[in-house]
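# Secondary and tertiary structure notes
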Amino acid sequence: MKPLTLTINAFGPYAGRQEIDFEQLAGQNLFLITGPTGAGKTTVFDAITFALYGRASGESRRDAEKLKSDYATPDEPCFVRLSFLLRGEVYTIERRPKQQRITRGGGISTANGDALLTLPNGTAIKGISDVNAKVNELLGLDCSQFRQIVMLPQGEFKRLLESGSDEKQVIFRKIFSTGLYSLVEAKLKARCSELKLKLDAASANLGEYARMLLAAEFQPLQQALAQPSINYPEVVALTEELIDADTELLAQTNQLLEKALNEKSRIDIEGAAQHNARLDRLEELNVIQTKLTNEAPVQQQRQRALALARRANELMFIEREITAAQQQAVINLTAAGELQQRINQSDERLNKAQQGLTQAEKVKEEQQRLIEKRVWFTQLNEQLLTAERIAAQAEQLKGKLAAQNGYIEALDILLKRARLKEEYDRAHTLAAACSELVSGVQAYRMAAQGCAEANTRYAAEFERFLAGQAGVLARRLKDGDPCPVCGSVHHPAPASQPEELPDEAVINRLKQQADTLYTHQLSLLGEVKAKAAAIRAQGGTLTISDDVLTFAEEELLALCQTADTSLAAVKMGYDTLSLQADSSLRKLNMADDKRLYDIAYLTEKRTAFELQQASLRQSLSEAEVRAEEERAKVPKELADRALLQKAEQENENKIHTLQHLAEAAQNEFVSASNERERLNEALRGAQNAAANAQAAAEKSNEKLQFKMQEYGFSAQEEYRKSSLNEDEYLALEQAIKGYDESLAKTFAEIQALRQACAGREREDLEALKARFAAAAERATELDKAKTSLNLRVDANTRAVSRIKALLQSMGEEERLYSDIAALYALAKGDNPAKLSFERYVLGAYFADVVRAANHWLTDMTGGRYLLLHRQERLKGNAAAGLDLEVLDAQSGKERHVSTLSGGEGFKASLSLALGLADVIQSYSGGVSIETMFIDEGFGSLDAASREKAVDTLFELEKTGRLIGIISHVEELKERIPARLEVTPSASGSTARFV
C-alpha cells in the first residue's frame with residue numbers, strides 16, 4: 001500500500017480542508033514531517049490509519065469520536081479521504097467518525113460514523129463493518145499488525161520487538177497464511193473428540209446390549225453379567241452356549257406341538273353339530289309337506305277366480321277407454337270455442353302492430369342523421385387527444401428545461417470554484433514564493449556577512465604576510481648590496497620580522513574561502529532577484545522591487561503576512577464554494593473528479609447545456625403552438641372534454657331510443673303475426689282432436705260388445721261383479737304363487753337333506769367337546785413354550801451379534817484414537833520443545849525475518865548487535881518458539897531485547913520491521929508493504945547512530961518504498977531534502993511539501 005493523496009477536513013488540529021499530495025514527492029520516497037510540538041505531525045499518521053481502520057495510529061492516541069478539530073465550526077463535517085495504490089490499482093476510502101452536527105432547525109444531533117471504499121472498477125462498499133473487512137482482506141493486515149509493521153507509533157515502536165510468542169503468533173499467522181497449520185491442529189482435536197465420543201457411546205451401547213441379554217436360569221451367564229466390570233468376550237461365549245441349548249429345546253417343543261395340533265384338528269365338533277341340525281330340519285319339513293298337500297283344493301279355487309277376474313278387468317279397461325274418449329271430445333270442443341274468441345282478439349292486436357310499424361319507418365331518417373353525427377364526435381375526440389398529448393410533451397420539455405437550469409446553476413458554481421481554485425493555487429504559490437524570498441534574503445544577508453568577514457580576515461592576514469616578507473628581505477640585506485626592492489645600497493632602517501607569520505598556503509586558503517563565499521553570495525543574490533522577478537511576473541497587488549535586499553526584517557515579515565492574508569481570504573471563499581459545489585453535486589447525483597476543476601472543460605459543458613436549453617425552449621414553443629392549433633379545431637362549447645362526452649352521450653341516447661322504438665314496433669308485429677298463426681293452428685288441432693276422440697269412443701264400444709260375447713258375459717253387471725281391484729288381484733295372484741313356491745321348495749329341501757344324512761346316525765356332542773378341550777390346552781402350553789424360546793433365542797442372537805460387531809469396531813477405533821491423540825498432543829505443543837505445529841512453521845518464517853533484520857541492524861549498529869531467535873522452551877509451561885534475544889558483540893553475552901536502551905531498542909525495532917517487510921515481500925503472501933511511517937525515535941540516537949540509521953533508510957528508499965519520518969532532530973532536515981512542513985496557527989494547522 002502506497003498513499004497517493006490524503007484529504008483531511010476538520011480533523012485534529014486541521015480546522016478546514018487540508019490536502020496532502022504524496023505524488024508531489026516526485027520519486028523522493030524518503031520524506032520528513034517537521035513542525036513545532038502539537039502542530040499536528042502525528043495527526044497525519046492518525047488520518048492515514050483512521051481512513052484505513054477507523055482508529056488512530058497509536059494505542060495512546062485519542063479515540064475516533066474525539067478526532068474532530070476543536071478549531072472547526074459545528075457545521076463543518078469531520079472526515080478523512082485517502083487514495084492509495086495497491087498492486088498497481090488505485091483505491092479510495094473515505095471515513096467519518098461519530099460526531100455532532102447542526103440540524104436544519106438549529107439544534108444539535110449526533111451523526112453516526114460511516115465509511116465508503118471505492119474499488120478500482122468503481123464498485124462502492126458502504127458501512128463500517130463491510131469496509132473494515134474489505135481493508136483487512138486487501139492489505140492482509142489488521143490495525144494492530146499495521147501499527148507494528150507499517151507504522152511505528154510514537155512510544156510504541158518496541159511493541160513488536162518485545163512481544164511474546166503468543167502475540168507474535170497472532171500477528172504472523174495472517175501475514176504468512178499459517179492458519180492452515182492451526183486448522184490442522186483444530187482438525188486433529190475435533191477428530192480426537194469425535195473418536196472419544198464414539199468410544200464412550202460404544203461403551204455405553206455395550207452396556208445396553210448386555211442388559212438386553214436373557215440369561216433365564218443359566219447361572220454362569222447370570223454371574224458373568226452381574227460382575228462390576230463385565231468380561232464381554234466371556235459373556236458372548238456363555239450366551240452362544242445358551243443359544244445352542246435353547247435351539248435344541250425349541251426343536252423338541254416343535255415336534256410335541258405339531259402332534260398336539262394334529263390331534264386337535266381331527267376333532268370336528270362343528271361338523272357333528274351341523275349333522276344333528278340337518279336331521280332336525282328334515283323332520284320339520286316332512287310335517288310342512290303334509291300340510292301343503294291337504295290345501296290343494298283351495299289352491300284350485302284361487303286359480304279359477306284369478307282367471308275370471310283377469311277377463312272382467314280387461315272389459316272394465318275397455319269401458320274406461322270409452323268414457324275417457326267421450327270426455328276428451330267434450331273438452332276439445334270447449335277449447336275450440338275459446339280459441340275462436342282469442343283469434344278475434346289477436347286480429348285487433350295485429351292491426352295495431354301494423355300501424356306501429358308504419359310509424360317506425362318514418363323516424364329512420366332522423367336515426368340516420370344522428371348516426372352520421374357520431375363520426376363527427378369521434379373526430380372531435382381525436383383532436384382533443386392530440387392537443388392533450390402535445391400539452392403533455394410540453395410539460396415534459398418544461399421538466400427537462402428545469403433540470404437543465406439546475407445543471408447550469410451547478411456548472412456556474414463549479415466554474416466559480418475552478419476560478420477560485422486557480423486563484424487559490426496562485427495565492428498559495430505566491431505565499432510559498434514570498435516565504436522562499438524571505439528565506440533567500442536572510443540567506444543572502446548571512447552569506448554577505450560571512451563573505452565580508454572572510455575578506456576582512458584575508459586582508460589582515462595578507463597585510464601581515466606582506467609585512468613579514470619585508471622583514472625576510474631586510475634580514476638578508478647587507479650594506480653595499482643593493483636592495484631588491486628599492487635598489488639602495490644603504491639600509492638605515494631595515495624592516496623588522498614578526499615572530500609568527502602566515503605562510504603562502506594559509507593566504508591562498510583564505511583567499512579561496514573568500515572567493516567561494518563571494519561566489520555563493522552572488523549565487524544567492526541571483527536567486528533572490530529571480531524569486532522577486534517571479535513574484536512580479538505573477539502580478540496581483542503584491543509588488544516587489546529589486547531593492548528587496550534593503551528591506552528591514554519587519555518589512556519582510558509584513559510581505560509574508562500580506563501573502564498569507566491574501567491566501568487565507570481566497571481559501572475561505574474557495575472552501576465556501578467547495579461546500580456549495582458538494583451540495584450541488586449531491587443534488588444532481590454527480591461524483592466529483594478532476595475535470596470539474598478544469599475551466600475550459602466546465603465552460604464547454606456550460607455552452608453545450610445552453611445549446612440544449614435553447615433547443616428545448618424551441619421545442620417547447622413549437623409544442624405549445626401545436627397544442628393551441630389542435631384545440632382551435634374543436635368548437636368552444638365542446639372544448640371541455642366533459643362537455644364533449646356529455647354531447648356525444650346524448651346523441652348516442654337518441655340513436656338508441658329511436659332504434660329501440662323501431663325494434664319494438666317490428667317485434668310487436670312479428671309477435672302478433674306469430675300469435676295469430678299459432679291460434680289458427682291450435683283451433684284446427686282442437687277440432688281434429690274432438691273428432692278423433694268421438695271416433696275412438698265408438699270403436700271402443702264395438703270392441704267391448706265383441707269381448708263380452710267372447711268371454712261369455714251377457715251384461716255389464718255380470719263382468720263388473722267378477723272384476724277385482726288392483727290390491728285384490730295382486731293378493732290373489734301372490735297367494736297362488738306362494739303356495740306353488742312353498743310346495744316346490746319344501747320337496748327340494750327334503751330330497752337334499754335325505755341325501756346329506758344318508759348312512760349317518762346322530763352324534764354325541766358333549767364327548768367330542770371334552771376331547772377337543774384337552775388337545776387345545778396341550779397345544780397352547782407347547783406354543784407358549786415355543787414363543788418364549790424363540791424370543792430368547794432371537795433377543796440373545798441379536799444382542800450377541802451387536803456386541804461382537806461393536807467389540808470389533810471399538811478395537812479399530814481405539815487404535816485410531818491412540819494414534820490421533822498422539823498426533824494432536826504433538827501438534828498442540830505437548831512436546832519437549834513446547835512448540836505447536838503452527839508455531840514450528842512460523843519459527844522457520846521468523847528465522848528468515850531475524851536474518852533479514854540483522855542485515856539492517858548490523859549496518860545501523862556497526863556490527864555490535866545481532867538479534868537471536870530463541871527456540872528453547874521457557875520456564876514452566878509458557879509457550880515458546882518466537883521469542884527474541886540480542887547478542888552484544890562487545891560483551892559477548894546474550895540478553896533479552898527488553899534490556900536494550902531507548903536508542904538501541906529503536907534501531908532493533910526498526911530493523912525488525914524492515915526485515916519483516918523484506919520477508920513478506922519475498923514470500924509474496926498476499927501482503928504488499930510499500931510504505932513505512934516512523935513517529936519519533938531518532939532523538940534517542942547519538943549523532944553517529946543517527947547517521948547510520950538515515951543511511952539505512954536512504955538505502956531502503958532505492959527499493960521504491962515510501963518512508964515517512966516524524967522527528968524534531970534538526971540534522972535530519974539537512975540530510976532529508978523532501979519535507980512536509982506542518983505550521984500551527986490560532987485558526988488551525990496547515991501542511992505542505994517544501
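Residues numbered from 1 in each chain as written. Predicted model: local features only at pLDDT ≥ 70, side-chain atom pairs only at ≥ 80, totals over all residues. Heavy atoms only, no water.

So, on to the overall build of the protein chain. Secondary structure summary: the protein chain contains 22 helices and 17 strands in total. For the protein chain, buried positions account for 38% of its 994 residues. Long-range pairs, those at least 24 residues apart, make up 74% of the contacts in the protein chain with a sequence separation of at least 6. Element-wise, carbon and sulfur atoms account for 52% of the exposed surface of the protein chain, whose accessible area totals about 56,100 Å². (Helix = DSSP H or I, 4+ residues; strand = E, 2+ residues; numbered from the N terminus. Buried < 20%, exposed > 50% of the residue type's maximum accessible area, 1.4 Å probe, protein only. Contact = heavy atoms within 4.5 Å. Areas by Shrake-Rupley, 256 points an atom, 1.4 Å probe, with all protein chains shown as cover.)

Going through the model one piece at a time under the given rule, you end up with three cavities of 30 Å³ or more. For the largest cavity, the calculated volume is near 50 Å³. Among the residues forming the lining of the largest cavity, the class breakdown is seven nonpolar, two polar and one charged. (1 Å grid on protein atoms, 1.4 Å probe; cavity = no way out; pocket = protein on both sides within 12 Å on 5 of 7 lines; lining within 4 Å. Points joined across faces, edges and corners; volume = space filled by probe spheres on them. Nonpolar A, V, L, I, M, F, W, Y, C, P; charged D, E, K, R; others polar.)

Attention now goes to the packing of aromatic side chains. Summed over the entire model, instances satisfying the criterion amount to seven aromatic pairs. Ring centres of phenylalanine 22 and phenylalanine 993 lie 6.0 Å apart, and the angle between their planes is 70°; this geometry places the pair in the edge-to-face category. Pair noted here: phenylalanine 22 is in the loop between strand S2 (14–21) and strand S3 (30–34) and phenylalanine 993 is in strand S17 (residues 990–993), with a separation of 971 residues, a long-range link. Phenylalanine 993 sits in the buried class, given a relative accessible area of 15%. Through a chain of ring-to-ring contacts, the aromatic side chains of Phe22, Phe31 and Phe993 assemble into a single cluster. (Phe/Tyr/Trp six-rings, centres within 6.5 Å; stacked < 30°, edge-to-face > 60°.)

Let us look at the pairing of S17. Of the two faces of S17, only the one carrying Ala991 and Phe993 is buried; Thr990 and Arg992 on the other face are not. Bridge analysis of strand S16 (residues 979–983) against S17 gives four bridges, and the strand direction is antiparallel. Paired with glutamate 981 across the two strands is arginine 992, which belongs to S17. Between S16 and S17, which pair antiparallel in sequence order, lie six residues; one of them, glycine 988, sits at a positive phi of approximately 120°. (Pairing = 2+ DSSP bridges.)

Moving on to the UniProt feature "coiled-coil region" (unreviewed entry) in the protein chain. With numbering matched to this structure, UniProt assigns "coiled-coil region" (unreviewed entry) to residues 243–270, 308–397 and 613–710. Taken as a whole, residues 243–270 contains 89% helix and 0% strand, while its terminal C-alpha atoms sit 42 Å from one another. (UniProt positions renumbered as here; feature names shortened; annotations may be inferred.)

Secondary-structure assignment places arginine 17 in strand S2. A polar side-chain atom of arginine 17 sits 3.5 Å from a polar atom in the side chain of aspartate 582. Look past the residues within four positions of arginine 17 in its chain and what remains in contact with it is Thr7, Ile8, Asn9, Phe79, Lys571 and Asp582. (Polar contact = N/O pair within 3.5 Å; in protein donor to acceptor, adjacent residues only side chain to side chain.)

Moving on, we come to the sheet that holds S3. Strand pairing in a sheet relies on backbone hydrogen bonds. The paired strands run either parallel or antiparallel. Taken together, the six strands give an open sheet; going across it, the order is S10-S14-S15-S3-S16-S17, and neighbouring strands pair in mixed fashion. Of all strands in the sheet, those with a lone pairing partner are strand S10 (151–152) and S17, marking the two edges. For S3 and S16, the ladder comprises three bridges, and the chain directions are parallel. Opposite threonine 34, over in S16, you have glutamate 981 as the bridge partner. Contacts from helix H1 (residues 41–53) reach S3, S10, strand S14 (931–935), strand S15 (962–966) and S16, with the element oriented near 140° to S14. Set on the sheet, helix H21 (residues 943–957) makes contact with S3, S14 and S15; between it and S15 the angle comes to about 155°. (Axes fitted to C-alpha atoms, helices over the stretch in contact; angles between N-to-C directions.)

Right, let's talk about the pattern of salt bridges for a bit. This model, assessed by the stated rule, comprises 18 salt bridges. A salt bridge links arginine 96 to glutamate 94; the nearest nitrogen and oxygen atoms lie 3.3 Å apart. Among the residues examined, arginine 96 registers a relative accessible area of 31% and is labelled partly exposed. For glutamate 94, a relative accessible area of 18% corresponds to the buried category. (Salt bridge = Lys/Arg side-chain N within 4 Å of Asp/Glu carboxyl O.)

A positive phi angle, close to 50°, is found at alanine 26, a residue other than glycine. Of note, alanine 26 is situated in the loop between S2 and S3. Look at alanine 26 and you get exposed, because its relative accessible area is 64%. One non-glycine residue, arginine 87, adopts positive backbone phi at about 55°. Along the chain, arginine 87 falls in the loop between strand S4 (79–86) and strand S5 (89–96).

By the secondary structure assignment, glutamine 299 is in helix H10 (residues 296–362). One polar contact links the side chain of glutamine 299 to the main-chain carbonyl oxygen of isoleucine 736, over a distance of 3.0 Å. Reaching out from glutamine 299, the side chain makes a polar contact with the side chain of aspartate 740 at a distance of 3.4 Å. When sequence neighbours within four positions are dropped, the list of residues in contact with glutamine 299 reads Ala735, Ile736, Tyr739 and Asp740.

Three or four residues apart is the spacing at which side chains of an α-helix point the same way, because the helix has 3.6 residues per turn. Counted at 1.5 Å a residue, the expected span for H21 with its 15 residues is 21 Å, and the 21 Å between its end C-alpha atoms agrees. Considered for burial, the residues of H21 that qualify are Ser945, Arg946, Ala949, Val950, Thr952, Leu953, Leu956 and Glu957. Here the buried residues of H21 occupy an arc of 155° about the axis, which is enough to place them on one side. (Expected span 1.5 Å × (residues − 1). Arc of directions from axis to C-beta.)

This part takes up the sheet that holds strand S11 (residues 865–870). Spatially, the three strands line up as an open sheet ordered S11-S12-S13, and their pairing is antiparallel. Here the strands that pair on one side only, and so sit at the sheet edges, are S11 and strand S13 (893–896). Strand-to-strand twist of the sheet, defined as the mean angle between neighbouring strand axes without regard to direction, takes the value 35°. The pairing of strand S12 (residues 883–888) with S13 spans four bridges and is antiparallel. If you follow glutamate 885 over to S13, its bridge partner there is histidine 896. Running at roughly 170° to S11, helix H19 (residues 837–861) makes contact with S11 and S12 of the sheet.

A cluster of nonpolar residues, Leu180, Leu183, Val184, Phe837 and Tyr840, forms a patch on the protein surface that exposes about 470 Å² of accessible area. Secondary structure elements with two or more residues in the nonpolar patch: helix H6 (179–211) and H19. Secondary-structure assignment places leucine 180 in helix H6. (Patch = residues over 30% accessible without salt bridge, like charges linked within 9 Å, V, L, I, M, F, W, Y side chains within 5 Å.)

Moving on, we get to the nonpolar core. Residues Leu6, Phe22, Phe31, Leu52, Leu117, Phe176 and Leu867 are the most contacted members of the largest nonpolar core, which totals 79 residues. When we break this core down by domain, the ones giving at least three residues each are domain 1 (1–140 + 927–993) and domain 2 (168–176 + 829–925). Beyond its immediate chain neighbours, meaning those up to four positions away, leucine 6 contacts Gln18, Glu19, Ile20, Phe22, Val44, Ala47, Ile48, Val80, Arg81 and Leu82. Core analysis: the second largest hydrophobic core is formed by 38 residues, Ala418, Ala433, Leu437 and Leu585 among them. (Core = buried A, V, L, I, M, F, W, Y, C linked by side-chain atoms within 4.5 Å. Domains from an automatic or database assignment.)

It is worth spelling out the environment of leucine 826 at this point. For leucine 826, the position within the fold is in helix H18 (residues 765–828). According to the relative accessible area criterion, leucine 826 is exposed, its value standing at 53%. Sequence spacing of leucine 826 and phenylalanine 837 is eleven residues, and the spatial spacing of their C-alpha atoms is 7.6 Å.

What describes two packed helices is the angle between their axes and the distance between those same axes. H21 packs onto H19 with a crossing angle of 140° between their chain directions and a minimal axis gap of 8 Å. With respect to H21, the axis of H19 lies oblique. Seen along the crossing, H19 lies across H21 with a hand that is right-handed. Counting all contacts with H19, which are made through His855, Trp856, Asp859, Met860 and Thr861, the residues of H21 involved are Lys948, Ala949, Thr952, Glu955 and Leu956. (Parallel < 35°, antiparallel > 145°, perpendicular 65-115°, else oblique. Left-handed = near helix turned anticlockwise from the far one by under 90°.)

Let's shift gears to the pairing of strand S8 (residues 114–118). Burial of S8 is one-sided: the residues Ala115 and Leu117 facing one way are buried, the residues Asp114, Leu116 and Thr118 facing the other way are not. As judged from the five bridges shared by S5 and S8, these two strands associate in the antiparallel manner. Along S8, the bridge assignment pairs glutamate 94 with leucine 116. Of the pairings in the sheet, the one linking S8 to strand S9 (residues 124–126) comprises three bridges and is antiparallel in character. Its bridge partner being in S9, leucine 116 is matched across the sheet by lysine 126. The loop that links S8 with its antiparallel partner S9 comprises five residues; one of these, glycine 122, has a positive phi angle of about 95°.

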